[in-house]
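# Structural description and commentary
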Amino acid sequence: MIATIPSATLLGVDGRPVTVEVHVSNGLPGFTIVGQPDAACREARDRVRAALLSSNMDWPLKKVTVNLAPSGVRKMGAGLDLAIAVGLLVASGQLDAEAVVGHAFLGELGLDGSVRRVPGLVPLVDAITAPTVVVASAAAREAALVGRHIVRAVATLTELLEALRLLTPWPDPPPTPPAGPAPPAPDLADVRGQHLGRFALEVAAAGGHHLLMTGPPGSGKTMLAQRLPGLLPPLTRDEAVETTRIHSAGAMALDALIERPPLRAPHHGASAVALIGGGHAWMRPGEISMAHRGVLFLDEMGEFPAVVLDALRQPLEEGVVRVCRANAAVTFPARFLLVGAMNPCPCGEAGSPGACRCSDGARARYARRLSGPLLDRFDIRIAVSRPDAPDLLAGPAGESSATVAARVMAARKLAHQRFVRCNAELTGADLEAATKLEPAASRLLEHKLRTGALSARGLDRIRRVARTLADLDGGAERLTDEHVCAALELRSAVPVAEAA
Amino acid sequence: MTADRHTDHDYAAALVTLPLMGPARLLAVLRAWPPDEAWQRVLTRRVMADGDVADACRPDPAGVAALWAQAARTSDPTDVGARHRAAGVAVRVLGRPGYPDVLAEDHQPPAVLFSKGSLQHLEVPRVAIVGTRRCTRYGHDVAHRLGRELAAAGVVVVSGLAKGIDGAAHEGALSVGIAPPVGVVGSGHDVVYPAVHRSLWRRVAEAGALLSEAPLGARPEQWRFPARNRIIAALAQAVVVVESHAAGGSMHTVEAANDRGRPILAVPGPVVSPASAGTNRLIGDGCTPALDTQDVLVALGLDAPAPRRAGATQQQQAPVAPDGPAAAVLDALGWAPATLDQLLGRTGLRPGPAAVALAELEAGGWVAASGGWWERTGISV
C-alpha cells in the first residue's frame, strides 16, 4: 500500500515542497529512504521506529520504501520525520488515508514519540500548499507568522493520532506569554557629547551611507553603532516578512514578525562562511543576510581577516550574495547598512600629533588591514574622540532617537521622490540630476579635484552625502558650499594617506 | 705624498668597518698608532698591546682582537677607500689635515669622519636645532621658522635629518640661500634613513654638508643615534630644543651639550602637550626659553639683548584676522590638536557651518589637518 504526505525542506532561505511517499509491501523486512536525504534525514528510520513503538503503534515487518520527491533537491535535517511517520502509519493501514487529506507535517520526532520544532519554519510553512500544517506545539507561533494556513500544534505522536482519528479535538496551541513592554531600544539621548558621531549616525540613517568610525578604545564607537537601528525607518510589511523568513532560516526561534531593522554584530573571529552564508549540507544565511534591511556592525574591523572583509565587497555592491556549492547554489538577500569601527593605531592615542607613540609605518600597517576598495565603500568616515570632560559631566542631554528618526524619515521621503530607497543608491544620470551645485560649492569641488585631493569616484560619494545633508536641511534643490564642506569633513578621517 | 695620504685614509676607513668597532675603541686605536700600523697590528692580533685599547675593549679584549683579525683578513683597505671615493664621500681622520678643528678640540671626537659637501660651513656661527620625531604642527612650524630666520642671519643650522623637528629645521634653513645647513646622520651615506628624507639628504649635502661617523653600508642601528647626538652637540655653539617628549632622544643631545658647556635653549609649549613635556621641563630646570630667533642670536653673542617688543611673538602673518564662526573655531582649537568632534562640542556650531569655517581657515593658512586631527599652524610657512 502507498501513502503520499506533503512536507517541505529548506534550501538557503527558501522552503522547497517535498512529497513523502511511503510504500509498504510484502518482502524481506527492511526500511529504505531514497531521494537525496542527508545524514540527519537518513537517520529518520531509527527515530521513526522508536517513536512509533513508544507510542504503542506497530512497526510493520514488511519491506518499507520511503521516497522523498522531487529527487533533485537535497533533503536537509530531521524535519521530515513527522511526515514519514504519518506516511508509514497510513501505508501500513494503522491510520485512515482520508484522515490526513489536506494536512502537511513539519516536525522532528524524539524516541519517546515527542514532536520537536525544526529550524526555518517560516520559509518551510510558506512553501506548503496544503491548507493545514501540523507542527510541534513549541513552534506554533512561528508557523502562524506566514498566516495562510490552519496551524495545528501537537506535543506528541499520540496526540497527533488521536486528533487525526477525531477521537479528541486538536490540542489548543500553547498560550501566548503576556506581551510585556518590549525592552527599550538604546536611545540616542543616552549619548553624551559625540556631536560629530551623532550627526554622522543621522546622515548614515537618512542616506543609507555606510559608516566607518575610527577612534581610541572607550570613545563610544559601539555605543553609537547600537543606536543606529533605532534611527532607521521601521520595516514595511513586505520587508518584515522577508526579514523574518531569513531569521527563521538562520535557526532563530521567533515568536513574532521582525518589525524593527535588525542589528548584527559578529565577533572578529567570524569565518567567511559565517559572515557570507553557506555551509556544506545546510546552506545557512550568514551574518550579512541576518543583517538584511538592518545594520551590520563590525567592531575592531582591523582584526577581521582580510579575506573575510574582502568577501563583503560584492554583496555591498549588489545587495545579494550568491553562494555556490557543488550540489546547490543559493541567493541570499544582503542589503545592509555597514558600520565599521576600528582603532586608528596600535597605541590607542588615535594618531594624535605629538601624543601617539606609533611610527608612521606601524600606523600604515594597521590601516592597510582594510583594503582600498573596501574603504572606498564607506561614504562616511569619521574620527570619534573621547568626549571633552565638560560634555560628559554637565553637557545637556542630546536629542532622543525619536526626534532624529523623524528627520531621517522626512529625508527618506525626499529620496523616494527620486525613485530610490535612499540617496546612497543614486547613480549616474540620477545622481547628476539630484546634485546640482551652487556656484560656491562648485568652485570648492573644482579646487579639490584640481589639487588631487579628490578622485572622480570620491566626488560621486561626496555628492551623495551632500545630497543627504541637503535633504536633512529641508531638501533645497541645489547643494550649497555648506553641504559640500560638511560632506568632505564626514569623509576626512582616512586611516591611510590615500586619495579620497 | 698624495698616494701616501690616500693609503693612510684607506686604512682608517677600513678600521671603522670592523665589527664591534664603536667610537671609543676607534679613538683608542688611532690614538695609540697611525692608521697603517694599527691595521697591521689588527691583522697580527697585536692591537691590544696598548693599555688604552685593551681598556676600551673590555670585557674580552682577546675575543675582540680575534674577531677584528678575522674580519681584517677578508677586507682590503684600498678597496674600502676606493668605494668611498667613488661615492663622493671624503674620509677625514683626526689629527690629519682636512679634519674640522671644532671637532678636534672635543673630548670625544669621532676618530674618523665621513663627509659630503664642504666643511667651510663649520667656520661660521652654528646652532643645533633638535627635537622629537613625533612633533606637532606647532613644533614643526616653529622649527621651520627658526631654521629659516637663523640661516637668513648667517647662522648655520646643525641637525640630525630625522623626521619631525630635525627635518623641518633643515627645510627652513634650505629655504633661504644664505647659510646652508649641516646634517649629522647616524647611518652610512648610502643608507638613507628615514627613507622619506632622501631628497632632503641630497639637498643638504649639495648646499651645505652631510657628516657621519658611519662607513658606507652602515645600518641605522639604535646605538648610533646617541653617538650622533654628541657630534651635533660638539659642532654647535648653542642647542635649541623645539619639542621633546619627557624622555625623548633630544635629551641625549641636551646632556651632551651640557657636558660641553654649550648654552641650551628650549621652546616652550602648551603644558597639556606631551610633545612639549621635555622642553617645558628644561625651562623649569633653568634653560633659557627660546621665544624667537633673537633669543638664539643673543645666546650666540651675535645680538644684544633688546627689550622685547610688545606682541612680538604674536601672530605675524595675519593679513586679515578671521571673524564670525571661523574666529570661534580658531579660538576653540587653541594650541593643542583637536578633532572636529571636539570643536563642535566647544563651539556649539552645527557641522555644516563648522566645516565651512575650517575650510576658510585652512585656505587662509591658519590651521592644518592630518589624519582627522586639526592643528593651528604656528606660523605661516
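Time to look at the overall build of chain B. From N to C terminus, chain B includes 17 helices and twelve strands. Seen through its principal axes, chain B has C-alpha atoms that stretch 80 × 40 × 40 Å. Classification of the 381 residues of chain B by burial places 51% in the buried group. A fraction of 70% describes how many contacts in chain B between residues 6 or more apart in sequence connect residues 24 or more apart.

What follows covers the overall build of chain A. Helix and strand counts for chain A stand at 21 helices and 20 strands. Within chain A, buried positions represent 50% of all 500 residues. Put simply, 74% of the contacts in chain A that link residues at least 6 apart link residues at least 24 apart.

Moving on to the sheet that holds strand S5 (residues 103-105) of chain A. All names here are of chain A. Taken in spatial order, the three strands of this open sheet run S5-S8-S9, and their pairing is parallel. Edge positions in the open sheet fall to S5 and strand S9 (150-154), since each of these has one partner strand only. Averaged over all pairs of adjacent strands, the angle between their axes in this sheet comes to 30°, without regard to strand direction. Relative to strand S8 (residues 132-136), S5 is paired through three bridges, and the arrangement is parallel. Its bridge partner being in S8, His103 is matched across the sheet by Thr132.

Turning next to the packing of helix H7 (residues 195-207) of chain A against helix H17 (residues 401-417) of chain A. All names here are of chain A. One way to put it is that H7 packs onto H17 with a least axis distance of 8 Å and a crossing angle of 35°. For the pair H7 and H17, the crossing hand works out as right-handed. Taken together, the residues of H17 that come into contact with H7 (itself represented by Glu202, Ala205 and Ala206) are Val404, Arg407, Val408, Ala411 and Arg412. Per-class residue counts for the contact of H7 with H17 are five nonpolar, no polar and three charged.

With that settled, consider the nonpolar core. The biggest cluster of nonpolar side chains holds 163 residues, and the ones touching the most others in it are Ile84, Ala85, Leu106, Val135, Ala200, Val203 and Val484 of chain A. By residue number, the principal contributor to this core is helix H3 (residues 81-91) of chain A, which donates nine residues. Apart from the residues lying within four places of it in its own chain, the contact partners of Ala200 of chain A are Leu211, Ile380, Ile382 and Leu490 of chain A. Residues Tyr11, Ile231, Ala238 and Val267 of chain B belong to the second largest nonpolar core, which totals 92 residues.

So, about the interface of chain A and chain B. Counting from both sides, the interface comprises 29 residues of chain A and, opposite them, 27 residues of chain B. Secondary-structure elements contributing two or more residues to the side of chain A that touches chain B are H7 and helix H21 (481-489) of chain A. At seven residues, H21 of chain A tops the list of elements feeding residues into the side of chain A that touches chain B. Counted by class, the side of chain A that touches chain B contains 13 nonpolar, eleven polar and five charged residues.

Turning our attention to helix H9 (residues 237-249) of chain A. All names here are of chain A. An ideal rise of 1.5 Å per residue puts 18 Å on 13 residues; H9 measures up with 18 Å between its terminal C-alpha atoms. Among all positions in H9, only Thr243, Thr244, Arg245, Ile246, His247, Ser248 and Ala249 are buried. The elements touched by buried residues of H9 are strand S1 (2-11), helix H4 (121-126), helix H5 (140-144), strand S13 (284-285), helix H11 (287-290) and strand S16 (328-333). Looking one or two residues past H9, Ala251 carries a phi angle of roughly 70°, positive in sign.

Topologically, Ile128 of chain A is positioned in the loop between H4 and S8. Discounting residues that sit within four places of it in the chain, Ile128 of chain A has contacts with Pro6, Ala8, Pro17, Ala104, Val133 and His149 of chain A.

The next point concerns the confidence of the model for chain A. Counting all residues, the mean pLDDT for chain A is 88, and 96% of those residues have values of 70 or more. Low confidence marks residues 496-500 of chain A, where pLDDT is under 50. Its contacts with residues over four positions away, or in another chain, come to 13 contacts.

This part covers the sheet that holds strand S10 (residues 338-339) of chain B. Residue and element names in this part refer to chain B. Ordered in space as S10-S12-S11, the three strands form an open sheet in which the pairing is antiparallel. At either margin of the open sheet sits one strand with a lone partner, and together these are S10 and strand S11 (367-370). In terms of strand pairing, S10 meets strand S12 (residues 373-376) through two bridges, oriented antiparallel. Its bridge partner being in S12, Thr339 is matched across the sheet by Trp373.

Turning our eyes to something else, we now look at the pairing of strand S7 (residues 238-241) of chain B. All names here are of chain B. Both faces of S7 are covered, namely the face carrying Ala238 and Val240 and the face carrying Val239 and Val241. In this structure, S7 lies alongside strand S8 (residues 264-266), joined through three bridges in parallel fashion. If you follow Val241 over to S8, its bridge partner there is Ala266. In terms of handedness, the path from S7 via helix H12 (residues 250-259) over to S8 forms a crossover that is right-handed.

Moving on, we get to the packing of H7 of chain A against helix H16 (residues 340-347) of chain B. In contact at an axis separation of 7 Å, H7 of chain A and H16 of chain B are set at 105° when each is read in the N-to-C sense. Taken together, the axes of H7 of chain A and H16 of chain B are roughly perpendicular relative to one another. For the pair H7 of chain A and H16 of chain B, contact is made by His195, Leu196 and Gly197 of chain A and by Leu340, Asp341, Leu344 and Gly345 of chain B, respectively. The residue makeup of the contact of H7 of chain A with H16 of chain B, split by class, is three nonpolar, three polar and one charged.

For the rest of this paragraph, the subject is the environment of Ala272 of chain A. Residues and elements named next belong to chain A. Relative to the helices and strands, Ala272 is located in helix H10 (residues 272-276). C-beta crowding within 10 Å serves as the criterion here: with 17 such atoms nearby, Ala272 is assigned to the partly exposed category. Each C-alpha atom of the pair Ala272 and Phe304 lies 9.7 Å from the other, and the pair is 32 residues apart in sequence. Apart from the residues within four sequence positions on either side, Ala272 is in contact with Val307, Val308 and Ala311.

For the rest of this paragraph, the subject is the environment of His170 of chain B. All names here are of chain B. Mapped onto the secondary structure, His170 falls in helix H9 (residues 165-174). Along the chain, His170 and Gly183 lie 13 residues apart, while their C-alpha atoms are 8.0 Å from each other. In this view, His170 contacts Gly147, Val157, Ser159, Leu161, Pro181, Gly183, Leu200 and Val204; residues no more than four positions away in its chain are not counted.

Take the pairing of S16 of chain A next. Residue and element names in this part refer to chain A. Sheet topology places strand S15 (residues 320-325) next to S16; six bridges connect them, and they run antiparallel. Each residue of the ladder has a partner; that of Val323, found in S16, is Val330. Between the end of S15 and the start of S16, which pair antiparallel, lie two residues.

What counts and what doesn't
Position numbers for residues count from 1 along each chain, tracking the sequence in the order it is written. Chains and ligands are labelled sequentially in the order written, the chains with letters from A and the ligands with numbers from 1. Whole-chain, interface and lining totals are the exception, using all residues; otherwise, since this is a predicted model, local features are given only for residues with pLDDT of at least 70 and side-chain atom pairs are given and counted only at 80 or more. Strands here mean DSSP runs of E at least two residues long; helices mean DSSP runs of H or I at least four residues long; both are numbered from the N terminus. Exposed residues have 12 or fewer other C-beta atoms within 10 Å of their own C-beta, buried residues have 20 or more, and partly exposed residues fall in between, where C-beta atoms are placed from the backbone. Note that contacts rest on C-beta atoms placed from the backbone: two residues are in contact if these are within 7 Å. In this description, strands pair whenever DSSP reports at least two bridges between them. Orientation is described by lines fitted to C-alpha atoms, with helices fitted over the stretch in contact, and by angles between N-to-C directions that extend from 0 to 180 degrees. By convention the crossing between two helices is left-handed if the near helix lies anticlockwise of the far one by an angle smaller than a right angle, and right-handed if it lies clockwise. Side-chain classes follow a simple rule in which Ala, Val, Leu, Ile, Met, Phe, Trp, Tyr, Cys and Pro form the nonpolar group, Asp, Glu, Lys and Arg form the charged group, and the remainder, Gly included, forms the polar group. By definition, a nonpolar core groups buried Ala, Val, Leu, Ile, Met, Phe, Trp, Tyr and Cys residues that connect through C-beta atoms lying within 7 Å of each other. To estimate how far a helix should reach, multiply one less than its number of residues by 1.5 Å. How sure the predictor is of each residue is captured by pLDDT, a score from 0 to 100. When the strands point away from the viewer, a crossover counts as right-handed if the path from the first strand over the helix to the second runs clockwise. Should an angle fall under 35 degrees it is taken as roughly parallel, and over 145 as roughly antiparallel, whereas 65 to 115 is taken as roughly perpendicular and any remaining angle as oblique.

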